[in-house]
Amino acid sequence: PPRLLIGGGRRNAARPPPGRKQAALRSTRVAARPRREMPWGLALVAVVAAGQVSFSKHPQPRGGHTDASRKHIDVSNRSTGGLRRPTRSCGHISHVAVGADSHQTPGLAPLVWSIFSSSRSPHCIHVHAFYCEAEPSLQSREAIRRVGVEITIHVVDLERFPLLHNLSNSSAMNLVRFYLPELLPEAASSVLWLDTDIIVRSDVHELLSKLFVGANRSKSLAAVARKKELRTITRYRPSKLGVLNVSTVLRGDAFNAGLIAFNLQQWRAQNLTQRVEALVPALQEIGLASYAGISLPGGMRAAPSSQVPLQLLFGHDFQRLDSCWNVGGLGTSWGQGELLPLRVWAKQIAAWWTGKVARGCALHWSGGDKPWSGHNPFAPQYYKPVRKAAIRAGYGEIFPGTLAHDGSDYYLPWLLRIVAIFVAAPSALFLVVALRRPGSGALRAELVPQSPSRGHSVSLE
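Residues numbered from 1 in each chain as written. Predicted model: local features only at pLDDT ≥ 70, side-chain atom pairs only at ≥ 80, totals over all residues. Heavy atoms only, no water.

Colleague: Describe in detail the overall build of the chain, supporting the description with residues and values.
Modeller: Counting its secondary structure elements, the chain contains 17 helices and 14 strands. Split into buried and exposed, the 461 residues of the chain put 48% on the buried side. For the chain, restricting intrachain contacts to residue pairs at least 6 apart in sequence, the fraction spanning at least 24 positions comes to 79%. With an accessible surface of roughly 23800 Å², the chain has 55% of that area assigned to carbon and sulfur atoms. (Helix = DSSP H or I, 4+ residues; strand = E, 2+ residues; numbered from the N terminus. Buried < 20%, exposed > 50% of the residue type's maximum accessible area, 1.4 Å probe, protein only. Contact = heavy atoms within 4.5 Å. Areas by Shrake-Rupley, 256 points an atom, 1.4 Å probe, with all protein chains shown as cover.)

Okay, here's the thing in structure tokens:
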């Protein structure tokens, strides 16, 4: 029989031999605890499952503007098409511009519905939708009348504007925002441009009523400033931009042009569109029309970006919006050459930890993984309910491209998430048991070889 090794300290070595009661324990065989190795395979499964689970710690959008910005979009009000009832008369009409080609139309109906439904004064908002293809159908016009909101569909003549010549429809829609001072009526003093991969969750009418007033009256642009400078993001060298007299702007704040407000009065008075028309070809000649990190249709070199000239012209002089109005990066995609989507998981963890996405006034799926792609991790929680409500309210008939994507492939990621949760739960439990170690001073029993000359003995260490 083996010797029983009890305790685990040098202090126990000087204790006297055990008495009869302790000697009676010598006949009890104590099974050795097997040494457990780290289950790296199950740990990897647990990490993957944790990256696929959606957490919602902050369910409401941030409210630093109006009472409406503290409320989530109401997707259950079917009688009014999801719109909040007017609470007061309009002080002014807020103009909002959106543009899309055939590849971007799936996001139009959710975007436009979210604009009206998140406002306390939807009757004070006029949405302008720009196309560069066919005229709107009779069905679309009838649907606008049934919904009862102000929506005007414009068809842009690409040959009319210099920057849009010889460009694809996708590239032209990216630059059409420069011609809003000409495309919109003279009565429009300001306009908010929104990309189609955005969902609005706060009152844009309240936002526009506070722009370009007081000390910001002379500002030509309003956007959400990023934490990094423009030179850090673009990696442009001042020596190249010196010939354009815009090198000093590299020390200004960078911003994303997906959600941006234009002071149309300043643009018309200063002929800023002509300055952009002169700057874009000059940037193309020196190879700085875009930079890495901008998602453009057809790739970075397919067409000039609208963001670069805006940042170079107004990087030092634009009105800062609250950061909740452009919560971007939700379209971060699994890049080629990456073994695991670590950047996507990092974005999900940061969104849960900081609560910026849940409190966002406008969610922006900037990146290659758009919300209508069917496999975006943020889409089931933040995009799909809005899309369903928009179709139920009749916006899918205004923008028929939305109905082409029925969202059926959303169920596959959800099924994978459920399977991942059931795999992660027992894996996590197994990890806890496997990694548990007794504390100092706890009883440890091991089998040690018996001395052939002394028989049974108990020693204390």
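There's plenty left to go through after this.
Colleague: So, the nonpolar core: which residues are in play, and what are the values?
Modeller: Counting residues in each nonpolar core, the largest one holds 58 residues, and the members touching the most others are Ile 115, Val 127, Ile 151, Leu 194, Trp 325, Tyr 395 and Phe 399. Here this core takes seven residues from helix α3 (residues 108-117), the largest share from any one element. Core analysis: the next-biggest nonpolar cluster, separate from the first, contains 39 residues, Phe 161, Leu 175, Ala 188 and Val 191 among them. (Core = buried A, V, L, I, M, F, W, Y, C linked by side-chain atoms within 4.5 Å.)

Colleague: Go over the side chain of His 126 with me, naming the residues and quoting the values.
Modeller: Mapped onto the secondary structure, His 126 falls in strand β3 (residues 125-131). A polar contact is formed between the side chain of His 126 and the side chain of Thr 152, at a distance of 2.6 Å. Discounting residues that sit within four places of it in the chain, His 126 has contacts with Ile 93, Ser 94, His 95, Val 96, Glu 150, Ile 151 and Thr 152. (Polar contact = N/O pair within 3.5 Å; in protein donor to acceptor, adjacent residues only side chain to side chain.)

Colleague: Let's hear about the environment of Gly 368: which residues, and what values?
Modeller: As for its placement among the helices and strands, Gly 368 is situated in the loop between β12 (362-364) and α14 (379-382). Measuring from C-alpha to C-alpha, the distance between Gly 368 and Gly 329 comes to 9.6 Å, with 39 residues separating the pair along the chain. For Gly 368, the contacting residues outside a window of four places in its chain are Gly 331 and Ser 333.

Colleague: Got a sec to walk through unusual backbone geometry? Specific residues and values, please.
Modeller: Here the phi dihedral of Asn 166 falls at roughly 55 degrees; this positive angle occurs in a residue that is not glycine. Residue placement: Asn 166 occurs in the loop between β4 (150-155) and α5 (169-175). A positive phi angle is found at Phe 212, which is not glycine, with a value near 55 degrees. Tracing the backbone shows Phe 212 in the loop between α7 (204-209) and β7 (221-223).

Colleague: Please provide a residue-by-residue account of the environment of Glu 182, values included.
Modeller: Within the secondary structure, Glu 182 is located in helix α6 (residues 180-183). Taking the C-alpha atoms as reference points, Glu 182 and Arg 268, separated by 86 residues in sequence, lie 8.4 Å from one another. In contact with Glu 182, not counting residues within four places along its chain, are Arg 160, Phe 161 and Thr 273.

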